[in-house]
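Residue-level listing of the chains:
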Amino acid sequence: MRHPKRIGRMSAPGRKVRLASAAMLLVATTMTACGEGKDDGEKASAPKAPATIPELTKDPLTLSFIWFDWPPAKALEAFANAEYKKERPNATIKVNTVPNANWHDAMFTQFAARKTDFDIAILDSQHIGEAVTNGNILDLTDFVKENIDVAAYNPYLLAAYGQFPQAETGKRDENASLYGLPLLGDTWTMIYRKDLIGDKPPQTWDQMIAAAEKCQADNPGVSGLAFHQANGSDAAAVTYNTVNGVYGGNLWDSKTRKIDGVINDAAGQEAMDVLVNKMKPLTAKGSGNWFIDEVNAAVAQGKACIAFNWIAASGGLLDPKQSTLGTSREQILDKLGFATLPSQKTNLVPLGGMGMHVSAYSATANQTEALNFMKWFERADIQKKWAAAGGVPSRTDALESPEFLNAGPFNQVYTDSVPRMRDMWNVPEYARLVDIENTNVNAALNGAKKPKDALDDIAKEQQGVLDSSSRKGGGGL
Amino acid sequence: MAFISPAMLLLLAMSVFPLLWALYLSFTDYSATRGGPANFIGFGNYTAILTSAQVHTRALTTLIYVVGAVGLQTVLGFGIAYLISRRTHGRGVLTTLFLVPMMLSPVVVGLFWRFMLDAQFGVVNSMLGSVGLGQVEWLTRQRTALLSLIVVDTWQWTPFIMLIALAGLTAVPKYLYEAASIDRASEWFRFRTITLPLVWPLLLIAVMFRAIEAFRLFDLVYILTNGGPGVSTETLSFHIYKVAFLGFNTGTASAYGILMVLVVIVLTQFYLRYLNKLKEG
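Remember, it's a predicted structure, so these values are computed and weren't measured experimentally.

Observations regarding the domain arrangement of chain A
Note on interface size: it is often stated as the accessible area lost on association of the parts. All names here are of chain A. Looking at chain A, the domain boundaries give domain 1 (61-186 + 352-422) and domain 2 (188-350 + 426-469). The interface is formed by 30 residues belonging to domain 1 together with 37 residues belonging to domain 2. For the pair domain 1 and domain 2, the summed buried area comes to about 2,700 Å², and 59% of that belongs to carbon and sulfur atoms. By the criterion of area lost to domain 2, the three top residues of domain 1 are F410, R420 and R422, representing 33% of everything that side buries. In this assembly, domain 1 and domain 2 are joined by zero salt bridges. Where domain 1 meets domain 2, there are 15 residue pairs in polar contact (both at pLDDT 80 or more). If you list the elements that add at least two residues to the side of domain 1 that touches domain 2, you get α4 (128-133), β4 (163-164), β6 (181-186), α17 (411-417) and β13 (421-422). For the side of domain 1 that touches domain 2, a count of residues per class yields 11 nonpolar, 12 polar and seven charged.

Here it is, written out as structure tokens:
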């Protein structure tokens, strides 16, 4: 049965108008989105920060950071609000945090939207290339020349947290541009049980493995080693890179952008063999997904003879509330020792820590405040105060100051490690390179791949990423 | 029309436009972070995805997962529903209790199962140890990691199948059973010839919903295994996430997503045709 007239149904011209409006809305939205794409193309390089800091606002202002959730983030917020406010009472510091695994995504999805809810991004050194190439952070070269005493730093530290293109290990290219300034230095420390393996830490990697082996045999229920093995963040990759460096390997040839044949050369293979066949058997069962917290938990519960962890994440080990090793800091320190990493064919250690980088999409007043904050933070007196507050500074005078060296038992380890540091790649493809390495090293550590196959796959896949710029389609697979 | 136009506009802006936009991007090499123009590359992304060994590996993992999880959920869900339907007392309480896992966020479920399955201090290994069995590396070995995902998903989503099956079982006319009893039909005969054929179409719809859900699994993988060990528990959705947000290869990720939608649509069509045939039969 047909209804000649339906209640509420529009006449044909009315329907057409509505449909045309909907179509126009769709087209307009599409055009807007397309238009944004064109703008992107015009902003492909990092905008420059002014050499001198413009006039600061007198209005109340919140300077927002983005970092991942860990104790230094809380320490930074507390420190900055206590100290920076003395000079800039109208400024409030807010350190927004996300879980470590989401850190890269949280920053770069906002960068992709060309709108950020943070003014200062705390980037890992390896993120710099991606952010610079995409024009996400300010070029601070002129600002640094005018406002920062670059001679006060170990040149490589300054380069690692700011320079792009990447510096050669141990050096800084004074002609290269700087896009960030150091916020928190970091490296791995070897944490060892003095009561189980003796007061003197092993000096070579071989000695370290032998000590862990003996300790594990002598102490049932305690594993010889604990280190990062997870396939999230850069966990397993940093572990392999550390052993690779110690055994004389290289991650790549930065000049020729060659990875295949470099990371999987004889030294690289030896490093992978040591990691999987000598170190892994000394770890706890099921530790194949351990990262910072799990390693700390194993040490705090007395379940590991020797462990490796980032210095900046080691403070909790001295907290009696979190430890079964003693009821006071002193008792814990009777059992725990902190030392620089053992050497073998080289004495390289991994460079950790992060720098401060100004978002290109932040409001001008906030960018100005961010520059002022960075200038303030890099002052000699503030760096020492940051050290006393539990931070790891980067200026040499602060690193050698009693404020820093007396603040924690692992701080001397950091100061001694600075000349030995090596970083990963900071190219725009970093996120994919580290994922390839993480998943393959994790596979080798957990028996899903043979060590040699894993290393060859890393080399092949990473090389594929670096060579994929001319590929038509399928980028990212 | 005027009445529904706000909803239509919302649908256009939030659903139709993103889909069309993703479809457009899937034919380009666009990257959300690199910016620059979106160059048209034809079917380049689609060819690369369909011929990629990495994608084939993830597709196989996803297939094993979907078959394993949905199969187990169907058997358990129907079994539980069958047992509950035969009870006269406490049916409501039992049904509510069984539904609790389904009401939890997958992220919360993932987090507490991650603790429970921990090889060192997890309650599962502790229980195994108390009956003399050794430690199992649930989340860090290739086979057990995928099995763990299936078990956790089954724990959470069996109630869904159970609920639908229970609705079907309740709707079976009592007189059919009474007639069968008069004919002295056995329990198994009644189940095979009355219960199962009448509940089957409803059960298949539940299976379809679950299969679509399982096909795009992301959250449990992200929390429990992060795709490991290696990439052995990386599902297609997890892989898309990596393509989209690690390398920000937006064009490839869009094509990947469109292909997944197509797979679901095509399989669902076959499935619905089968259901219709069943109904006609």
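Brief notes about the pattern of salt bridges
If charged atoms from side chains of opposite charge come close, those side chains can pair. Per the stated rule, a full pass over the model turns up 26 salt bridges over all chains. The residue D381(A) makes a salt bridge to R379(A) at a minimum N-O spacing of 3.1 Å. With a closest N to O distance of 2.8 Å, K452(A) and D456(A) form a salt bridge. Placement of both K452(A) and D456(A) in helix α19 (residues 451-466) is noted, with a separation of four residues, approximately one turn of the helix. Given a relative accessible area of 48%, K452(A) falls into the partly exposed group. With relative accessibility at 24%, the residue D456(A) sits in the partly exposed group. One salt-bridge network, in which partners are shared between bridges, spans D435(A), R58(B), E234(B) and K242(B).

Considerations on unusual backbone geometry
All names here are of chain A. Looking along the chain, the bond that leaves F164 and enters P165 is cis, with omega of 0 degrees. On the secondary structure map, P165 appears in the loop between β4 and β5 (177-178). Even without being glycine, R114 reaches a positive phi, approximately 60 degrees. Within the secondary structure layout, R114 lies in the loop between α3 (103-112) and β3 (120-124). Residue R114 is classed as buried on the basis of its relative accessible area, which comes to 17%.

Notes on helix α11 (residues 292-300) of chain A
Among all positions in α11(A), only I292(A), V295(A), N296(A), A298(A), V299(A) and A300(A) are buried. Close packing links the buried residues of α11(A) with β7 (188-193), β8 (223-226), β9 (304-310) and β10 (336-339) of chain A.

Some points on the sheet that holds strand β12 (residues 352-358) of chain A
All names here are of chain A. Spatially, five strands are ordered β2-β1-β3-β12-β6 in an open sheet, and the strand pairing comes out mixed. Two strands bound the open sheet, and with one partner strand each, they are β2 (91-98) and β6. In this sheet, adjacent strand axes meet at a mean angle of 25 degrees when their direction is disregarded. Where strand β1 (residues 61-68) and β3 come together, two bridges link them in parallel fashion. Note on β3: the bridge partner recorded for F65 is I120. Along the sheet, helix α2 (residues 71-87) makes contact with β1, β2, β3 and β6, crossing β2 at roughly 175 degrees. Contacting β1, β2, β3 and β12, α3 crosses the sheet at an angle of about 130 degrees to β3.

Description of the state of the cysteines
All names here are of chain A. Going through the model one piece at a time under the given rule, you end up with one disulfide over all chains. Each sulfur in the disulfide pair C215 and C305 lies 2.0 Å from the other. In this structure the cystine formed by C215 and C305 twists about its S-S bond by roughly -80 degrees; its chirality is therefore left-handed. Here C215, found in helix α8 (residues 205-218), pairs with C305, found in strand β9; they are 90 residues apart in sequence, far enough to count as distant. Summarising the burial analysis for this pair, C215 and C305 share the class buried.

About the criteria used
Residues numbered from 1 in each chain as written. Chains lettered and ligands numbered in written order. Predicted model: local features only at pLDDT ≥ 70, side-chain atom pairs only at ≥ 80, totals over all residues. Heavy atoms only, no water. Domains from an automatic or database assignment. Contact = heavy atoms within 4.5 Å. Buried area = accessible area lost by both parts, 1.4 Å probe. Salt bridge = Lys/Arg side-chain N within 4 Å of Asp/Glu carboxyl O. Polar contact = N/O pair within 3.5 Å; in protein donor to acceptor, adjacent residues only side chain to side chain. Helix = DSSP H or I, 4+ residues; strand = E, 2+ residues; numbered from the N terminus. Nonpolar A, V, L, I, M, F, W, Y, C, P; charged D, E, K, R; others polar. Buried < 20%, exposed > 50% of the residue type's maximum accessible area, 1.4 Å probe, protein only. Pairing = 2+ DSSP bridges. Axes fitted to C-alpha atoms, helices over the stretch in contact; angles between N-to-C directions. Disulfide = S-S within 2.5 Å.

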